[in-house]
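# Observations on the three-dimensional arrangement
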Amino acid sequence: AQSVSQHNHHVILSEAASLELGCNYSYGGTVNLFWYVQYPGQHLQLLLKYFSGDPLVKGIKGFEAEFIKSKFSFNLRKPSVQWSDTAEYFCAVNDVSYGQNFVFGPGTRLSVLP
Amino acid sequence: DTGVSQNPRHKITKRGQNVTFRCDPISEHNRLYWYRQTLGQGPEFLTYFQNEAQLEKSRLLSDRFSAERPKGSFSTLEIQRTEQGDSAMYLCASSLGAPPLYFGEGSWLTVV
């Protein structure tokens, strides 16, 4: 079955620390990849997306992600986190050959301490 | 604000009652999706429309659940004979053709 896994359930960092959140998927075909963020009390918002081309993609608020096809991974990074980055982060995968549904990972809760 | 709009935002209902949620997508978005999210989990796909046609349904969508998008604009998700296990956030998203999806704020359902 198609699935998306995220390595960490809860990550706690101090401000200015570097962030890397892992995401792996189990699809063999062509995929579109996304990271969404959900701030407390708010709706899911798109952070960044990968369709094709340069495997290093940049998103909003200083986030970037790297697609490594051989590892079926799409890890999210940020060099220096801020307290305002406290949120839930979801990786999502769309298998373009399977259909139009997106499969989301279980999410990683990020807490940034001031 | 012309984002995805969902209502009601919160609904508390007694077990066995029917509930209906409405989603108004971003104007001119032809694709509309329903997801369910429980605490500590990622959103789970329920169903998807392209215009008024319901093209895909998850096995999570039991026969107590029905979704419509009558004129290819707004959509409704009805849950009949609610059960406590239906308690969740119901999310609507829309897109113009290809992804990404743009999400609404969700409708919280609590079945007591």
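Data block above holds the structure.
What comes next is a walk through the structure. Computed from a predicted structure; not experimentally measured. (Residues numbered from 1 in each chain as written. Chains lettered and ligands numbered in written order. Predicted model: local features only at pLDDT ≥ 70, side-chain atom pairs only at ≥ 80, totals over all residues. Heavy atoms only, no water.)

## A few points about the interface of chain A and chain B
At the interface, 20 residues of chain A touch 18 residues of chain B. Approximately 1,500 Å² of surface area, both sides summed, lies buried where chain A meets chain B, with 60% of it carried by carbon and sulfur atoms. Counting every contact that joins chain A to chain B gives zero salt bridges. Across the contact surface, chain A and chain B share two residue pairs in polar contact (both at pLDDT 80 or more). (Contact = heavy atoms within 4.5 Å. Buried area = accessible area lost by both parts, 1.4 Å probe. Salt bridge = Lys/Arg side-chain N within 4 Å of Asp/Glu carboxyl O. Polar contact = N/O pair within 3.5 Å; in protein donor to acceptor, adjacent residues only side chain to side chain.)

## What about the pairing of strand β8 (residues 64-68) of chain A?
Residues and elements named next belong to chain A. With three bridges connecting them, strand β7 (residues 56-58) and β8 associate as antiparallel partners. Across the sheet, Leu-56 pairs through a bridge with Glu-66, a residue of β8. Taken together, β7 and the strand that follows it, β8, pair antiparallel across an intervening segment of five residues, in which Lys-61 is found at a positive phi of about 60°. In terms of strand pairing, β8 meets strand β9 (residues 73-78) through five bridges, oriented antiparallel. Within β9, the position partnered with Glu-66 by the bridge is Asn-75. (Pairing = 2+ DSSP bridges. Helix = DSSP H or I, 4+ residues; strand = E, 2+ residues; numbered from the N terminus.)

## Section: the side chain of B:Arg36
Mapped onto the elements, B:Arg36 comes out in strand β4 (residues 31-37). Setting aside residues no more than four positions away along its own chain, B:Arg36 makes contact with B:Gly42, B:Pro43, B:Glu44, B:Leu46, B:Leu60, B:Phe65, B:Ala88, B:Met89 and B:Tyr90.

## Some details on the environment of A:Ser80
All names here are of chain A. Among the secondary structure elements, Ser-80 is positioned in the loop between β9 and β10 (87-95). With 63 residues separating them in the primary sequence, Ser-80 and Ala-17 have C-alpha atoms 5.1 Å apart. Apart from residues no more than four positions distant in its own chain, Ser-80 is found in contact with Ala-16 and Ala-17.

## Some words on the layout of surface pockets
The computed volume of the second largest pocket comes to approximately 350 Å³. What lines the second largest pocket is a set of 18 residues, among which A:Gln38, A:Glu88, A:Phe90, B:Gln37 and B:Leu39 lie closest to the centre. Of all the elements, β10(A) adds the most residues to the lining of the second largest pocket, at three residues. (1 Å grid on protein atoms, 1.4 Å probe; cavity = no way out; pocket = protein on both sides within 12 Å on 5 of 7 lines; lining within 4 Å. Points joined across faces, edges and corners; volume = space filled by probe spheres on them.)

## A look at the state of the cysteines
Tallied over the full model, the rule gives two disulfides over all chains. The disulfide that involves A:Cys23 links it to A:Cys91, with 1.9 Å between the sulfurs. Where A:Cys23 bonds to A:Cys91 through sulfur, the torsion about that S-S bond is close to -65°, and the disulfide is left-handed. Of this pair, A:Cys23 sits in strand β4 (residues 23-25) while A:Cys91 sits in strand β10, and the two are 68 residues apart along the sequence. The pair formed by A:Cys23 and A:Cys91 is uniform in burial state, with each residue classed as buried. The disulfide partner of B:Cys23 is B:Cys92, and the gap between their sulfur atoms is 1.9 Å. An S-S torsion of about -70° defines the bridge between B:Cys23 and B:Cys92 as left-handed. One end of the pair, B:Cys23, is in strand β3 (residues 19-24); the other, B:Cys92, is in strand β9 (residues 88-95), and 69 residues separate them in sequence. Exposure remark for B:Cys92: the relative accessible area of 0% places this residue in the buried category. (Disulfide = S-S within 2.5 Å. Buried < 20%, exposed > 50% of the residue type's maximum accessible area, 1.4 Å probe, protein only.)

## Description of unusual backbone geometry
Omega for the bond connecting B:Asn7 with B:Pro8 falls within 30 degrees of zero, at 0°, which places this linkage in the cis form. Along the chain, the position of B:Pro8 falls in the loop between β1 (5-7) and β2 (10-13). Here A:Lys61, not a glycine, exhibits a phi torsion of approximately 60°, which is positive. Tracing the backbone through its elements, the reader meets A:Lys61 in the loop between β7 and β8. Positive phi is not limited to glycine here, since B:Glu28 has a value of about 75°. Take B:Glu28: it is sitting in the loop between β3 and β4.

Function-wise, these values are silent; they only describe arrangement.
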